[in-house]
Structure formats: structure tokens, C-alpha cells
Amino acid sequence: MTQDELKQKVAEAAIPYVRDVAIIGVGTGSTVNHFIDYLADFKADIEGAVSSSIASTERLKKLGIPVFDLNAVGTLDVYVDGADEISPHKHLIKGGGGALTREKIIAAASKKFVCIADGSKQVDVLGAFPLPVEVIPMARSYVARELVKLGGQPVWRENYITDNHNEILDVHNLNILNPIELEQIINNIVGVVTVGIFAMRPADVVLVSVGNDIITL
């Protein structure tokens, strides 16, 4: 089974979690794209969605699913999104696609966060995947120096601007043994908008496709 087929399989496994949910929180990425496509099968039963990115919003609207602003909706019952890394504690690294800030906001505003991924995203310790940090443009160099002090090697994601008109530093060579503590430390660096560690608000349910099986964490 190819990696894309594994993504498709786990995306389908998330559908039971959003049945009878009027407004669904929808994340960003290749696995979520499959999930959005499955939503089309019962879009008549969905009032709409809150989306974490312009790309997902366009995909939802193309399928005829209304997209609402989170401010107009309030608390969401379920949010479905992918991850770049998943620890045994359901802590995540997210932001490879650059939507980490909006993803973190929607996760915080949701009662249940369902993470979907193929088995390659499971790790014992977070940090092999470069950690995305969204920064205010004028603070990029300052934040990078502070990240070096924490033991990381930040690399500017050149020619990339987030949906929030900010920039991203991808931090290499971090061994994230205490994700909650590091999330707090990086969030407190002046100029940081969001760090891609999702540990203070981890996933509630993780669905992972491994071969023909779906593993629930």
C-alpha cells in the first residue's frame, strides 16, 4: 500500500467522528485533503466547516461546503487534522505545511481533536522533523538567535509567507524530551507567533494507518 493510500485509508477512518456534527473543524495537508473529499459524500448533512488555511477553504468551497469564520461559530465539537510527528503521548509537531497558527487556534477552540496520519509519523521522541516556528518578519533574526541558545539550528523558510503574512523558521536538531516545557519557552520568545509543538493542547484521538489496519491511540 502506497503512502497516499495509507493517508486515504486513515482519512476515511475519521468520518465516524464527524457524523452528526453540524460544523466541523478542518485542518490542512495531504491527509486532510482526502478527509475533505470524503466529506463531500454527506455534505447535505453538514452545516459547514471552519478551516485552518486558505488551501483547505478553497477545497471545501469547491465541494460546496460552506466555510465559516471561527469568531462567528465559537466552540467546535470536533477538529480533524494531520501531523508531521506524533509521540506516544499524543503530542504532535505540526506546521510542515505552514498553517500551524490557525491549526493551533482551532484545536484550542475544539472539544475533541482527532489527528489522522500514516504510520511513518509515529516517533518515540519528537524532533527529527524540523520544528516550525511562525515569527513576525522583523523578529526573524532575533528569534533565530534565541532558538540557537536552546540547542536548535533554525533555517529560514525562504520565499514562504504564511496565511497570516508572517515567516517561518524550521528548527533542526532538537531532541524534544519535554514538549510542554519547550512549547512554553518558545512561545514566550518575543516575536514568536506560534511554535509547532502541540503538547499543551495535544490530540484527544490519534488514528494511524499501518498496513491494512487503523490503530487508535
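Up top you'll find the structure we're talking about.
Residues numbered from 1 in each chain as written. Predicted model: local features only at pLDDT ≥ 70, side-chain atom pairs only at ≥ 80, totals over all residues. Heavy atoms only, no water.

(A) Structural context of the pattern of salt bridges. Scanning the entire structure with this criterion turns up 10 salt bridges. Residues Asp81 and Lys94 are paired through a salt bridge, measuring 2.8 Å at the closest nitrogen-oxygen approach. Of the two residues, Asp81 sits in strand β3 (residues 76-81) while Lys94 sits in the loop between β5 (92-93) and α5 (100-108), which places them 13 residues apart along the sequence. Judged by its relative accessible area of 0%, Asp81 falls in the buried class. Taking the relative accessible area as the measure of exposure, Lys94 reaches 3% and is therefore buried. Here Asp204 makes a salt bridge to Arg201, at a shortest N to O gap of 2.9 Å. Judged by relative accessible area, Arg201 falls into the partly exposed class, the value being 21%. Among the charged side chains, a network of salt bridges with common partners joins Asp81, Lys94 and Glu103. (Salt bridge = Lys/Arg side-chain N within 4 Å of Asp/Glu carboxyl O. Helix = DSSP H or I, 4+ residues; strand = E, 2+ residues; numbered from the N terminus. Buried < 20%, exposed > 50% of the residue type's maximum accessible area, 1.4 Å probe, protein only.)

(B) Up close: the sheet that holds strand β4 (residues 85-86). Pairing is antiparallel in the open sheet, where three strands are placed in the order β4-β5-β11. Among the strands making up the open sheet, the edge pair consists of β4 and β11 (197-198). Judged from the two bridges that link them, β5 and β11 form a sheet pairing that is antiparallel. Within β11, the position partnered with Leu92 by the bridge is Phe198. (Pairing = 2+ DSSP bridges.)

(C) The arrangement of the packing of helix α1 (residues 3-13) against helix α2 (residues 30-39) in detail. Running from N to C, α1 and α2 point in directions that differ by 50°, and their axes come no closer than 8 Å. Regarding the angle of α1 to α2, the classification is oblique. Taken as a pair, α1 and α2 cross one another with a handedness that is right-handed. Along its contact with α1, which presents Asp4, Lys7, Gln8, Val10, Ala11 and Glu12, the element α2 presents Ser30, Thr31, His34, Phe35 and Tyr38. Residue composition of the contact of α1 with α2, by class: four nonpolar, four polar and three charged. (Axes fitted to C-alpha atoms, helices over the stretch in contact; angles between N-to-C directions. Parallel < 35°, antiparallel > 145°, perpendicular 65-115°, else oblique. Left-handed = near helix turned anticlockwise from the far one by under 90°. Contact = heavy atoms within 4.5 Å. Nonpolar A, V, L, I, M, F, W, Y, C, P; charged D, E, K, R; others polar.)

(D) A look at a nonpolar patch on the surface. Where nonpolar side chains cluster on the molecular surface, the patch consists of Val210, Ile215 and Leu217 and spans about 190 Å² of accessible area. Inspection of the secondary structure assignment puts Leu217 in the segment after β13 (213-216). (Patch = residues over 30% accessible without salt bridge, like charges linked within 9 Å, V, L, I, M, F, W, Y side chains within 5 Å. Areas by Shrake-Rupley, 256 points an atom, 1.4 Å probe, with all protein chains shown as cover.)

(E) Summary view of the pairing of strand β9 (residues 167-172). With five of its six residues buried, β9 lies for the most part within the structure. Pairing of strand β7 (residues 131-135) with β9 involves five bridges; the strand directions are antiparallel. Paired with Val133 across the two strands is Leu169, which belongs to β9. Relative to β9, strand β8 (residues 153-156) is paired through four bridges, and the arrangement is antiparallel. Bridge pairing links Gln153 to His172 in β9.

(F) Structural context of the packing of aromatic side chains. Summed over the entire model, instances satisfying the criterion amount to one aromatic pair. Aromatic pair Tyr79 and Phe113: ring centres 5.2 Å apart, planes at 35°, arrangement tilted. Placement of the pair is Tyr79 in strand β3 and Phe113 in strand β6 (residues 110-118), with a sequence separation of 34 residues. When sorted by exposure, Tyr79 lands in the same class as Phe113, which is buried. Above the face of the Phe42 ring, Arg19 is positioned so that its terminal group lies 4.2 Å from the ring centre. (Phe/Tyr/Trp six-rings, centres within 6.5 Å; stacked < 30°, edge-to-face > 60°. Lys NZ or Arg CZ within 6 Å of the ring centre and 35° of its normal.)

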